[in-house]
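Architecture at a glance
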Amino acid sequence: MIRRCASLVLIVCLALSGAGGGCASQKNQQQVDMAVMDYYSGNYADAQHKLTPLAEKTNEDFVINNLRLGSVLLPPYELDEAEAAFLRAWEVINSTGVNAGGRTLGAVLVDEKIKVWKGEPFERAMASFYLGLIYYIRQDYGNARGAFENALFKLRDVDPDKAKDQGRDVESDFALASLMLAKSFQRLGREDLAKANFQYVIEHHPQLAALADYDWNEKSNLLLVVDYGYGPRKVTDFDGAIVGFGPTPFEEGPLPQPMVTIDGRPMDISNIARPPIDLLAMAQERKWQSIDTIRTVKSAVGTGLIWGGAITGIDAANNKSGNRQRDNLIVAGALIGTGLLLKATSQADIRQWEMLPRTTYVIPLKVDPGSHDVTVEFPSHRQVWRNLAVPARGEATYYMRMQRWNSGPFDWPPPAVQHQTGEMASN
Amino acid sequence: MNADNEKMKSGCFYLRSSAFICGVTFLLAGCSSAVSQGHNTALSGVDLVQMTDDMAMKIAGDPQVQAAIAAKGALKVVVLPVENQMRAEVLPQGQAEAFVGRVRTLLARHAPQDFTWIMNRDTFYRLRGKELEGVEPGPSPDAISPDYSLTAVFTSLADEDAKHRSSFYICRYELADLKDRTVLWTESYEVKKIAVKGMLD
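These numbers come from a predicted model, not from an experiment. (Residues numbered from 1 in each chain as written. Chains lettered and ligands numbered in written order. Predicted model: local features only at pLDDT ≥ 70, side-chain atom pairs only at ≥ 80, totals over all residues. Heavy atoms only, no water.)

**Some details on the overall build of chain A**
Defined as follows: Helical segments are the DSSP runs of H or I of at least four residues, strand segments are the runs of E of at least two, and each set is numbered from the N terminus. The rule is simple: take the accessible area with a 1.4 Å probe, protein chains only, and divide by the maximum for that residue type; under 20% is buried, over 50% is exposed, in between is partly exposed. Two residues qualify as a contact provided that any one of their heavy atoms is within 4.5 Å of a heavy atom in the partner residue. Residue exposure ignores everything except the shown protein chains as possible cover, and the areas themselves are Shrake-Rupley values with a 1.4 Å probe.
Of regular secondary structure, chain A possesses 15 helices and 12 strands. Out of the 427 residues belonging to chain A, those deemed buried represent 50%. For chain A, contacts bridging at least 24 residues in sequence account for 72% of all contacts bridging at least 6. For chain A, the accessible area works out to roughly 19,300 Å², and carbon and sulfur atoms hold 58% of it.

**Some words on the sheet that holds strand E11 (residues 396-401) of chain A**
Residue and element names in this part refer to chain A. This is how it is decided: Strand pairing requires that DSSP identify at least two bridges connecting the strands. Axes here mean lines fitted to C-alpha atoms, for a helix over just the part in contact, with angles spanning 0 to 180 degrees between N-to-C directions.
If you trace the 3 strands from one edge of the open sheet to the other, you get E8-E3-E11, paired in mixed fashion. Both outer strands of the open sheet, strand E8 (359-365) and E11, are each paired with one neighbouring strand and no more. Pairwise comparison of adjacent strand axes, ignoring direction, gives a mean angle of 15 degrees for this sheet. As paired strands, strand E3 (residues 222-228) and E11 are joined by 6 bridges and run parallel to one another.

**Considering the nonpolar core**
Our working definition: As used here, the term nonpolar core means buried Ala, Val, Leu, Ile, Met, Phe, Trp, Tyr and Cys residues forming a set that is joined through side-chain atoms within 4.5 Å.
The biggest cluster of nonpolar side chains holds 106 residues, and the ones touching the most others in it are A:Phe174, A:Leu224 and A:Leu365. For this core, the leading source of residues is helix H6 (residues 121-137) of chain A, giving 12 residues. When sequence neighbours within four positions are dropped, the list of residues in contact with A:Phe174 reads A:Ala125, A:Met126, A:Phe129, A:Ala151, A:Leu152, A:Ile277, A:Met282 and A:Trp288. Counting residues in hydrophobic clusters, the runner-up holds 35 residues, among them B:Leu43, B:Ala56, B:Val82 and B:Val191.

**Remarks on the environment of A:Ala127**
All names here are of chain A. Mapped onto the secondary structure, Ala 127 falls in helix H6. Using a relative accessible area of 1% as the deciding quantity, one classes Ala 127 as buried. Ignoring any residue separated from it by four or fewer positions in sequence, one finds Ala 127 in contact with Leu 67, Phe 86, Ile 93 and Trp 353.

**Regarding helix H9 (residues 191-204) of chain A**
Residues and elements named next belong to chain A. Applicable threshold: Multiply 1.5 Å by the residue count of a helix minus one, and that product is the helix's expected span. This arc is taken over the directions from the axis of the helix to the C-beta atoms.
Relative to the 20 Å expected for 14 residues at 1.5 Å per residue, H9 spans 20 Å between its end C-alpha atoms, a close match to the ideal helical length. Of the residues making up H9, those classed as buried are Ala 194, Asn 197, Phe 198 and Val 201. Buried residues of H9 fall within an arc of 100 degrees about the axis and therefore sit on the same side. In the core, the buried residues of H9 are packed alongside helix H8 (175-187) and helix H10 (214-219).

**Side note on the sheet that holds strand E9 (residues 370-377) of chain A**
Residues and elements named next belong to chain A. The 5 strands are arranged E7-E6-E9-E10-E12 in an open sheet whose pairing can be described as mixed. The open sheet has two edge strands with one neighbour each: strand E7 (265-266) and strand E12 (410-411). Alignment of strand E10 (residues 382-390) against E12, held across 2 bridges, turns out to be parallel. For Trp 385, the partnering residue across the bridge sits in E12 and is Phe 410.

**Focus: empty space enclosed by the protein**
Our working definition: Within this scheme a cavity is a closed region of a 1 Å grid, computed over the protein atoms alone, that accommodates a 1.4 Å probe without allowing it to escape, whereas a pocket is open but has protein on both sides within 12 Å along at least five of seven lines; lining residues each have an atom within 4 Å of a point. Grid points are joined across faces, edges and corners, and a volume is the space filled by probe spheres set on the points. All residues other than Ala, Val, Leu, Ile, Met, Phe, Trp, Tyr, Cys, Pro, Asp, Glu, Lys and Arg, Gly among them, are scored as polar; the first ten of these are nonpolar and the last four charged.
Counted under the stated rule, the structure contains 3 cavities of 30 Å³ or more. Considering only enclosed or pocket space, the largest cavity measures out at about 50 Å³ in volume. Considering only residue class, the lining of the largest cavity consists of 1 nonpolar, 3 polar and 6 charged.

**Some remarks on the packing of H6(A) against helix H7 (residues 141-151) of chain A**
Residue and element names in this part refer to chain A. In plain terms, the rule: Should an angle fall under 35 degrees it is called roughly parallel, over 145 degrees roughly antiparallel, and 65 to 115 degrees roughly perpendicular, with every other angle called oblique.
Relative orientation of the contacting elements H6 and H7 amounts to 170 degrees, with a least axis distance of 8 Å. If you check the angle between H6 and H7, you find them roughly antiparallel. On H7, the residues that touch Ala 125, Ser 128, Phe 129, Leu 131, Gly 132, Leu 133, Tyr 135 and Tyr 136 of H6 are Tyr 141, Asn 143, Ala 144, Ala 147, Phe 148, Asn 150 and Ala 151. Among the residues making up the contact of H6 with H7, the classes are represented as 11 nonpolar, 4 polar and no charged.

**Some points on the pattern of salt bridges**
When the charged atoms of two side chains with opposite charge come close together, those side chains can pair. All names here are of chain A. The criterion, for reference: Any carboxyl oxygen of Asp or Glu that lies within 4 Å of a side-chain nitrogen of Lys or Arg is treated as forming a salt bridge with it.
Using the criterion set out here, one finds 25 salt bridges over all chains in the structure. Its salt-bridge partner being Glu 149, residue Arg 145 comes within 2.9 Å of it at the nearest N-O pair. In this pair, Arg 145 and Glu 149 both sit in helix H7, 4 residues apart, roughly one turn of the helix. There is no split in this pair, since Arg 145 and Glu 149 are both buried. The structure contains a network of salt bridges with shared partners spanning Asp 61, Asp 349 and Arg 351.

**Let's talk about the pairing of E10(A)**
All names here are of chain A. With 7 bridges joining them, E9 and E10 adopt antiparallel strand pairing. Across the sheet, Gly 370 pairs through a bridge with Val 390, a residue of E10. Taken together, E9 and the strand that follows it, E10, pair antiparallel across an intervening segment of 4 residues.

**Here's the deal with the packing of aromatic side chains**
Residue and element names in this part refer to chain A. Let me state the cut-off plainly: Planes of paired rings set the category: under 30 degrees apart is stacked, over 60 is edge-to-face and the rest tilted, where pairs are Phe, Tyr or Trp rings (Trp by its six-membered ring) whose centres lie within 6.5 Å. Lysine NZ or arginine CZ positioned within 6 Å of the ring centre and within 35 degrees of the ring normal marks a charge as sitting over the ring.
As enumerated under the stated definition, the model contains 23 aromatic pairs over all chains in all. Ring centres of Tyr 39 and Tyr 44 lie 5.6 Å apart, and the angle between their planes is 65 degrees; on these two criteria the pair is classed as edge-to-face. Both residues of the pair, Tyr 39 and Tyr 44, count as buried. Their ring planes at 85 degrees and their centres at 4.9 Å tell us that Tyr 77 and Trp 412 sit as a pair that is edge-to-face. With a gap of 335 residues between them, Tyr 77 in the loop between helix H3 (62-73) and helix H4 (79-93) and Trp 412 in the loop between E12 and helix H15 (415-425) connect regions that are remote in the sequence. A single burial state applies to Tyr 77 and to Trp 412, both of which are buried. Ring pairs connect the aromatic residues Phe 86, Phe 129, Tyr 130, Phe 148, Trp 353 and Tyr 399, which therefore count as one cluster. Just above the ring of Tyr 214 sits the side chain of Lys 195; from NZ or CZ to the centre is 4.9 Å.

**Examining the confidence of the model for chain B**
Put simply, the rule reads: Every residue is assigned a pLDDT by the predictor, reflecting its confidence on a scale from 0 to 100.
When pLDDT is averaged along chain B, the result is 82, and 69% of the positions lie at 70 or above. For this predicted complex, the interface confidence score (ipTM) comes to 0.80, while the overall pTM stands at 0.84.

**So, the side chain of A:Gln383**
Note on placement: A:Gln383 falls in strand E10. Beyond its immediate chain neighbours, meaning those up to four positions away, A:Gln383 contacts A:Val374, A:Thr375, A:Val376, A:Met400, A:Arg401, A:Met402, A:Gln403, A:Asn406, A:Ser407 and A:Phe410.

**Topic: H6(A)**
Residue and element names in this part refer to chain A. A rise of 1.5 Å per residue sets the reference length of H6, with its 17 residues, at 24 Å; its end C-alpha atoms lie 24 Å apart and thus fit the reference within 8%. Taking burial as the measure, the 17 residues of H6 include 17 buried ones, the bulk of the element. The first or second residue beyond H6 is Gln 139, which carries a positive phi of 65 degrees.

**Quick word on unusual backbone geometry**
The step from A:Gly408 to A:Pro409 runs through a cis peptide bond, and the omega angle for that step is 10 degrees. Position of A:Pro409 relative to the elements: it lies in the loop between E11 and E12. Omega for the peptide link from A:Trp412 to A:Pro413 comes to 0 degrees, which places this bond in the cis form. Its place among the elements puts A:Pro413 in the loop between E12 and H15. A positive phi angle, near 60 degrees, is found at B:Ala88, a position not held by glycine. One can find B:Ala88 in the loop between strand E2 (83-85) and helix H4 (93-110).

Next comes the structure, spelled out in structure tokens:
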């Protein structure tokens, strides 16, 4: 009797802890949703406040929460904290066996969300890109180069039309990282490697020829890196199982070209302000996805079992009697039950890095050294920065996140940079 | 007979319950933290210790270094952060300083009479920023000129595909004479790392 009670208590405790975990997870998701809304409205401080405690938890959302945190820290130039957040995520993304043991078993048998999120290949590439961008802004070109190279690691290309295609490893065509890698080599004085990478961009993306021009980039002393629009969203079908990405570039329309005004004077950037990537288009390519087939198979088998159970049940009800009928109805019930269980545990993992842009414009400019007011304008977005410092030698890099509801004007240096330069000035 | 059956049924129930509880507990226990399970090919703390122990020992025991010490007295050395030339790897500032800083610490501890360590300019200015917090950085770097520099350059070959990620590192340390730019001592630490990808990687 005591043993039975003890077992019961244990089961209840486990159930309660599971339910408690579920409530905690729901609360975390609410926090994330609110932080994402803050980010969309340009309220980065509040978003940071909400995401910081979540990013500290080393649970299955550790990577994604650190990427989200990194994204909200970049626009206000909190570069040290952004670097730390991206590095934390980077380390796990670049690790293998993170999901070994219970997490793999749990993801297969119970719920895919149990696995530690490491993102789709395009999300991993963007994580490396942002880490590289932070180093590039700081003029730490050695580390920038390393991060951009990591963004360009090979991808698995699978032909969706060939059922048994095992795939092959292909070179990444992530032009954004190739371009920034070329620029990093150029700043490191590696002319040969810079030219090779610029050439690679020009050959594979002829529309970026002017942007990847070696001489133009060498003369540039002001680089604007502008995130525009929003990236792809994971979408599920009616039973929440199969995942795809939306919207498509066709649904969303073509990417607009930005206009840049410096001290009220429009710059002629029509041939260089071209989008190096379109994440909406990339997300539609199989090689930029890692959507596994576990849940798809589970869902399909589940559907088959439910249909099989239903047919067996109908057959038993109409054509059988006595013990035979009873046995067949039990079999039908078991098939339907198993099918429902499989369907219930094949819900798609729709966690995604919501802050990703649709594209990132890289705009190298040559302007007179000194302080300048810079405006970047799109048909429905605008951002104004006052007193951007432009050096006589070298290249100053400024990151801008276009937000519909927060167009500025912003003053340079922002508080985070002011704090850092204040420390340096006191030296 | 009935009593035996009852006993057996009861035993089976406990067995099943225990198996279920063990299974669920095992499953939950298996869900370790995101940072405790993984394996990657980056240089680790173990490499830091092995590499710096090795380098400190080799510098201290090098005949040419010993000859220079015998001729000039304690060598005035400035330590510079590691230069990152690794493929697809980053080396944040703290780590770049740690990989040379530990060599300095080991030598300062084990051969204090052989080396005089001069703070590099960046560290000096960083510390000066903390003067108000009571940190005394010492004399300005302009007032003392080092004769030697201890530097390190890390290079690597790396590759990644759908099945694995591999990196081969060569971490080269140099003690160079700043006056004539000759290399007094150089050594390297080499390590290869491979991480095999699993089902959910």
